[in-house]
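Results of the structural survey
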Amino acid sequence: MEMKRIHYDSGESLVEVMVGAVILLMMMAVLQGALSFCTNAQQRVEQIRRINEEICQNLRTTSSVPGPENTEYLFRATTADGETPGPDSATLFRVSVELRTKEVSYQDEDGTIKTTTFYLFGSSDEEDEGEPPEARDTGKEGEAEDSAGSSGGDTP
């Protein structure tokens, strides 16, 4: 029976094992940092969405306030250089709009109440105090009843 010789240079040394362990721990630390970053980013996105939802809800329910003046926008023809050929001859059309504002209050992530002003373009006819289009009075109730009655369907 022959005895096997032990080779002293086979296998890994303690230094190699320690270096491998250090590299593994560094990779785990990077992974933990990435997961922590993703978790914090998701929590921040949820906060922003909650605040945005509150702002949109308040914007829908808040009535608009007429601005101090109406504004007229002039649309003018220009040359390729961006210059207008003449003062009045270059005006293609004019649009008059009424400036309106809405102020919306919301609670910040710190718990402080903040107010944001939204500036709206349009006439007061387009704006009926935040009501949805189907709830607005169009003055055509009789026509709607007549058309429903003549449809021949089973409408109540």
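Residues numbered from 1 in each chain as written. Predicted model: local features only at pLDDT ≥ 70, side-chain atom pairs only at ≥ 80, totals over all residues. Heavy atoms only, no water.

On to the overall build of the protein chain, then. From N to C terminus, the protein chain includes 2 helices and 3 strands. Sequence-ordered secondary structure for the protein chain, helices as α and strands as β, is α-β-β-β-α. Relative to its 156 residues, the protein chain shows a buried fraction of 10%. Across the protein chain, every contact between residues at least 6 apart in sequence was considered, and the portion connecting residues at least 24 apart equals 50%. Of the accessible surface of the protein chain, which amounts to about 13,400 Å², a share of 56% is contributed by carbon and sulfur atoms. (Helix = DSSP H or I, 4+ residues; strand = E, 2+ residues; numbered from the N terminus. Buried < 20%, exposed > 50% of the residue type's maximum accessible area, 1.4 Å probe, protein only. Contact = heavy atoms within 4.5 Å. Areas by Shrake-Rupley, 256 points an atom, 1.4 Å probe, with all protein chains shown as cover.)

Turning our attention to the pairing of strand β2 (residues 91-107). Relative to β2, strand β1 (residues 65-76) runs antiparallel, the two being bridged by 9 bridges. Within the sheet, the bridge partner assigned to Tyr73 lies in β2 and is Val95. When β2 meets strand β3 (residues 113-121), the two strands line up antiparallel, connected through 9 bridges. Of the residues in β3, the one forming a bridge with Leu99 is Phe121. Hairpin connection from β2 to β3: 5 residues lie between these consecutive antiparallel strands, with Gly111 at a positive phi of about 95°. (Pairing = 2+ DSSP bridges.)

Okay, the sheet that holds β3 next. Strand order in the open sheet formed by 3 strands is β1-β2-β3, with antiparallel pairing between adjacent strands. Of all strands in the sheet, those bounded by a partner on one side alone are β1 and β3. The sheet shows a mean angle of 25° between the axes of neighbouring strands, taken without regard to direction. Sitting on the sheet, helix α1 (residues 14-61) is in contact with β2 and β3, with an inclination near 120° to β2. (Axes fitted to C-alpha atoms, helices over the stretch in contact; angles between N-to-C directions.)

Take the side chain of Asp108 next. With respect to the element layout, Asp108 can be found in the loop between β2 and β3. Other than its neighbours up to four places away in sequence, Asp108 contacts Arg50, Ile51 and Lys114.

This next bit is on the pattern of salt bridges. Summed over all chains, the structure comprises 5 salt bridges. The partner of Arg44 in a salt bridge is Glu109, and the shortest N-O contact between them spans 3.4 Å. With Arg44 in helix α1 and Glu109 in the loop between β2 and β3, the pair connects residues that are 65 residues apart, well separated along the chain. Under the relative-accessibility criterion, Arg44 is labelled partly exposed at 37%. Residue Glu109 is classed as partly exposed on the basis of its relative accessible area, which comes to 32%. (Salt bridge = Lys/Arg side-chain N within 4 Å of Asp/Glu carboxyl O.)

The subject of this paragraph is the side chain of Arg100. Locating Arg100 in the fold gives a position in strand β2. Here Arg100 falls in the buried class, since its relative accessible area comes to 7%. Separated by 2.8 Å, the side chains of Arg100 and Ser64 make a polar contact. (Polar contact = N/O pair within 3.5 Å; in protein donor to acceptor, adjacent residues only side chain to side chain.)

Turning our attention to a nonpolar patch on the surface. Nonpolar side chains collect at one region of the surface, where Tyr73, Phe75, Leu92, Phe93, Val95 and Phe121 lie side by side and expose about 590 Å² of accessible area between them. Secondary-structure elements contributing two or more residues to the nonpolar patch are β1 and β2. Examining the composition of the nonpolar patch, we find that 3 residues originate from one element, β2, more than from any other. Tracing the chain through its elements places Phe121 in strand β3. Given a relative accessible area of 54%, Phe121 falls into the exposed group. (Patch = residues over 30% accessible without salt bridge, like charges linked within 9 Å, V, L, I, M, F, W, Y side chains within 5 Å.)

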